[in-house]
Amino acid sequence: MKKLLALLFSLSLVVSFFPTQKLVHAEEAVELNIINWEDYIDAGDEEEGIPSVIDAFKQYYSEKHGVEVKVNYSTQGTCENMYSELKLNPNHYDLVCPSEYMILKMLAEDMLEPLKRNEQTNVSVYDAGVSPYIANLFKNLSVNGKSLYDYAACYMWGTMGFVYNPEFVSEEDVKHWSAVWNSDYKNKCTIKDSVRDSYILAIGYVYQEQLNDLASDLADAKQDYLAGELTKEDYDQAVNDYNKAITDIFNNVGEDSITMVGEALKSLNDSLYGYEVDSGKKDMAAGKIWINFAWSGDAVYALDFAEDPAEVGANTAELYYAVPEEGSNIFFDAWVMPKGADVELAQEFINFIQSPEIALRNMNYIGYTTSIATDEIFDYLIGEEGYAYGGDDVTERDGKFFVEMENEDGSTEEVEVFAVDLSYLFGRADSNRAYVAYTDVLGRQFSAQYPDFDTVTRCTVMRNFTDEELERLNVMWADSKEGSTGTRGLYVAILITAGALVLALAVIAIEKRGLFNRHGIKGYTVVKKEELNR
């Protein structure tokens, strides 16, 4: 499989992409205040002379406007931290990049500026490049009559599923959420230490029968459509009805659902390796676990990491990614402008970061899928540095597809490849191009970054829950984890307890010397308990 490499675009190419009209700003330097996730933008390469995306924007802006821009770029670890920061410092930030449920919450609380789509201030580069699928998804999500499309510019998106090691795990098993409840994989699975994310997994498990019945009905409708017995309009309606039905199920936080989920999660306590937020990627590569409940971008990282000898030595592994058939979560992070933002400056940054060149840089750096779906992006995917092949490289024979691959010794061999129709993501009304990519293996990096239409059809957006609903969920979550005796959890608990005793003795010894301030020992930061568990 062709390896995805980092794109190194020159700044001159980036600058030449944008229109040259000036925005109205003072002659003095301007400031752009941004909050993003950690490690969620290309940091560049000093040794190679590649500027970070932030530095590239500053240089681009200076050359275009003759005015320097100071970018105050900060990061937060959770959506809740972003939200709290905005509440503590209203009218201070120009751009924030939260996840879908938090954007819905902010929109409900009238915390956001709308995107300006006019001649003077616009997001024309983003609008021209964003995937029609993503644009329609945003148009169909609304709060109090306000559409997300009018307030948010999608940055990255993806799915949730299982990273698994096929050497130890059956491909059939990970087609269902029940895999982590399978005794064959006891102490070899991790799930997310997050109530929202793990609720999705457990809902898929407890409502497995209903979800599979819905999927079966949709599969029948698809067969009827392909056989010409169902019109496209009727099939599209069947898809919409199906997605609405699974959306209702995955967002069901009624008392009965919460009770069933809590019982299901509690039953995992003795069989999980542990709960994690970030460590699952490397635990998979190290062989400590066989199944990791993961976001698709983390899946790409795990797959790359596990097969890189420079990272894991001789113990490389070929991992796979699967989205269970019962359905899953489709998530996204998007740029929004809080009230009081410098709209013109913020939207210029959106246009810059969502140009195809910069979007590719960020996608390759992060591992998640960019919302930008232009011909440049597709050509990259099927090019020399991408994961897939284009139609020109493919030979069709007896209904199958083949490409010529070169071996390390210079010889070539014919290898079967599989067609993946991405027209739902890239296709536009004014394009006659067939956006079909061909991959020699399904379920690997390409599948994680670019799922097919059937996969995204069985994925849904999780809504923002009310404070009352969140309180019930959090009570259930705390109760379900109580008494967890997973191998890793018990080991960590012992270490933390021992460490606490040592720390207590140290505190007694040094407190008398005045070495403490409210942040802990001077010159150090107290590590939170939940961070120790990661």
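Residues numbered from 1 in each chain as written. Predicted model: local features only at pLDDT ≥ 70, side-chain atom pairs only at ≥ 80, totals over all residues. Heavy atoms only, no water.

K.L.:
Sorry if this is basic, but what is going on with the side chain of Thr 121 here?
P.N.:
Within the secondary structure layout, Thr 121 lies in the loop between strand 4 (112-113) and helix 5 (124-129). Residue classification places Thr 121 among the buried residues on the basis of a relative accessible area of 8%. Here Thr 121 is in contact with Lys 116, Val 343, Glu 344 and Gln 347, once residues within four sequence places are set aside. (Helix = DSSP H or I, 4+ residues; strand = E, 2+ residues; numbered from the N terminus. Buried < 20%, exposed > 50% of the residue type's maximum accessible area, 1.4 Å probe, protein only. Contact = heavy atoms within 4.5 Å.)

K.L.:
Mind showing me how you'd approach the side chain of Asn 292 here?
P.N.:
As for its placement among the helices and strands, Asn 292 is situated in strand 10 (residues 291-295). Judged by relative accessible area, which is 2%, Asn 292 ranks as buried. If we skip the residues at most four places from it in the chain, Asn 292 touches Gly 161, Phe 162, Val 163, Thr 190, Lys 192, Glu 276, Gly 280, Lys 281 and Met 284.

K.L.:
Please clarify how the packing of aromatic side chains should be interpreted in this entry.
P.N.:
Think of a pair of aromatic rings as described by two things: how far the centres are apart, and how the planes are tilted against each other in angle. Throughout the structure, instances matching the rule amount to 29 aromatic pairs. Here Phe 57 and Tyr 61 contribute two aromatic rings whose centre-to-centre distance is 5.9 Å and whose plane-to-plane angle is 45°, an arrangement assigned as tilted. Placement of both Phe 57 and Tyr 61 in helix 2 (residues 53-65) is noted, with a separation of four residues, approximately one turn of the helix. Like Tyr 61, Phe 57 is buried. Look at Tyr 133 and Trp 157: their rings are 6.1 Å apart centre to centre, the planes differ by 55°, and that puts the pair in the tilted class. You can see Tyr 133 sitting in helix 6 (residues 132-139) and its partner Trp 157 sitting in strand 7 (residues 153-164), a full 24 residues away along the chain. Residue classification places Tyr 133 among the buried residues on the basis of a relative accessible area of 16%. Put simply, the rings of Tyr 40, Phe 57, Tyr 60, Tyr 61, Tyr 155, Phe 331, Trp 335, Phe 349, Phe 352 and Tyr 368 touch in pairs and so form one group of aromatic residues. (Phe/Tyr/Trp six-rings, centres within 6.5 Å; stacked < 30°, edge-to-face > 60°.)

K.L.:
It is not clear to me how the sheet that holds strand 17 (residues 412-421) should be interpreted in this structure. Could you clarify?
P.N.:
By definition, the strands of a sheet pair up through backbone hydrogen bonds, in either a parallel or an antiparallel sense. The strand order 15-16-17-18 describes an open sheet built from four strands, whose pairing is antiparallel. Edge positions in the open sheet fall to strand 15 (395-397) and strand 18 (436-439), since each of these has one partner strand only. If you compare each strand with its neighbour and ignore which way they point, the axes differ by 45° on average. Here strand 17 runs beside strand 18; their pairing, made up of four bridges, is antiparallel. Bridging across to strand 18, Ala 419 finds its partner in Tyr 438. (Pairing = 2+ DSSP bridges. Axes fitted to C-alpha atoms, helices over the stretch in contact; angles between N-to-C directions.)

K.L.:
Would you explain the confidence of the model for the protein in this entry?
P.N.:
Caution applies to low-pLDDT regions: their predicted coordinates should not be interpreted in detail. Within the protein, residue pLDDT values average 86, and 85% of them lie at 70 or more. With pLDDT under 50 throughout, residues 487-534 is counted as low confidence; its partners more than four residues away or in other chains account for 34 contacts. (pLDDT = per-residue confidence, 0-100.)

K.L.:
Just checking my understanding: could you explain helix 15 (residues 356-366) for this structure?
P.N.:
Residues three or four positions apart in an α-helix share a direction because the helix packs 3.6 residues into each turn. Within helix 15, ten of the eleven residues are buried, which leaves the element mostly enclosed by the surrounding structure. Along helix 15, the residues classified as buried are Pro 356, Glu 357, Ile 358, Ala 359, Leu 360, Arg 361, Asn 362, Met 363, Asn 364 and Ile 366. The positive-phi residue at the C-terminal boundary of helix 15 is Gly 367, with phi of around 105°.

K.L.:
Is there a simple way to explain the pattern of salt bridges in this structure?
P.N.:
A side chain with one charge can pair with a side chain of the opposite charge if their charged atoms come near. Applying the stated criterion across every chain yields a total of 23 salt bridges. One salt bridge in this structure joins Asp 193 and Lys 481, with 2.6 Å as the shortest N-O distance. In this pair, Asp 193 is assigned in the loop between strand 8 (189-192) and helix 7 (195-206) and Lys 481 in helix 20 (residues 467-481), connecting sequence segments 288 residues apart. Arg 397 is paired through a salt bridge with Glu 414; the nearest N and O atoms lie 2.8 Å apart. Taken as a pair, Arg 397 in strand 15 and Glu 414 in strand 17 lie far apart in primary sequence, 17 residues in all. Three or more residues joined by partner-sharing salt bridges are found here, namely Lys 87, Lys 105 and Glu 109. (Salt bridge = Lys/Arg side-chain N within 4 Å of Asp/Glu carboxyl O.)

K.L.:
How do you make sense of the environment of Gln 59 when you look at a structure like this?
P.N.:
Position of Gln 59 relative to the elements: it lies in helix 2. With ten residues separating them along the chain, Gln 59 and Val 69 place their C-alpha atoms 8.5 Å apart.

K.L.:
Explain the environment of Ser 267 to me, please; I cannot follow it from the model alone.
P.N.:
By the secondary structure assignment, Ser 267 is in the loop between helix 10 (255-266) and strand 9 (274-276). Among the residues examined, Ser 267 registers a relative accessible area of 46% and is labelled partly exposed. With 213 residues separating them along the chain, Ser 267 and Ser 480 place their C-alpha atoms 8.2 Å apart. A polar side-chain atom of Ser 267 sits 3.1 Å from a polar atom in the side chain of Trp 181. (Polar contact = N/O pair within 3.5 Å; in protein donor to acceptor, adjacent residues only side chain to side chain.)

K.L.:
Help me out: how do you make sense of the state of the cysteines in this one?
P.N.:
Scanning the model with the defined rule gives zero disulfides in all. The cysteine Cys 97 is free of any disulfide, with Cys 154 supplying the nearest cysteine sulfur at 8.5 Å. Relative accessible area serves as the criterion here: at 0%, Cys 154 is assigned to the buried category. (Disulfide = S-S within 2.5 Å.)

K.L.:
It is not clear to me how unusual backbone geometry should be interpreted in this structure. Could you clarify?
P.N.:
For residues other than glycine, phi is negative in most cases, and the peptide bonds are mostly trans. Despite not being glycine, Asn 91 shows a phi value in the positive range, around 60°. Position of Asn 91 among the secondary structure elements: in the loop between helix 3 (79-88) and strand 3 (95-96). With a phi close to 65°, Asn 187 is a non-glycine residue in the positive phi region. Tracing the chain through its elements places Asn 187 in the loop between strand 7 and strand 8.

K.L.:
For this particular structure, what's the right way to read the pairing of strand 7?
P.N.:
In regular strands, side chains alternate between the two faces of the sheet. Within strand 7, twelve of the twelve residues are buried, leaving the element largely enclosed by the surrounding structure. Bridging between strand 7 and strand 12 (residues 328-335) involves six bridges; their strand directions are antiparallel. When the bridges of strand 12 are listed, Met 156 appears paired with Asp 333. Summarising the sheet, strand 7 and strand 14 (residues 369-370) pair through two bridges and their orientation is antiparallel. Directly across from Met 156, in strand 14, lies its bridge partner Thr 370. Here five bridges tie strand 7 to strand 10, and the two strands are oriented antiparallel to one another. Bridge pairing in strand 10 places Phe 162 opposite Phe 293. Bridge analysis of strand 7 against strand 11 (residues 320-322) gives three bridges, and the strand direction is antiparallel. Residue Val 163 lies in a different strand from strand 11, and its bridge partner there is Tyr 321.

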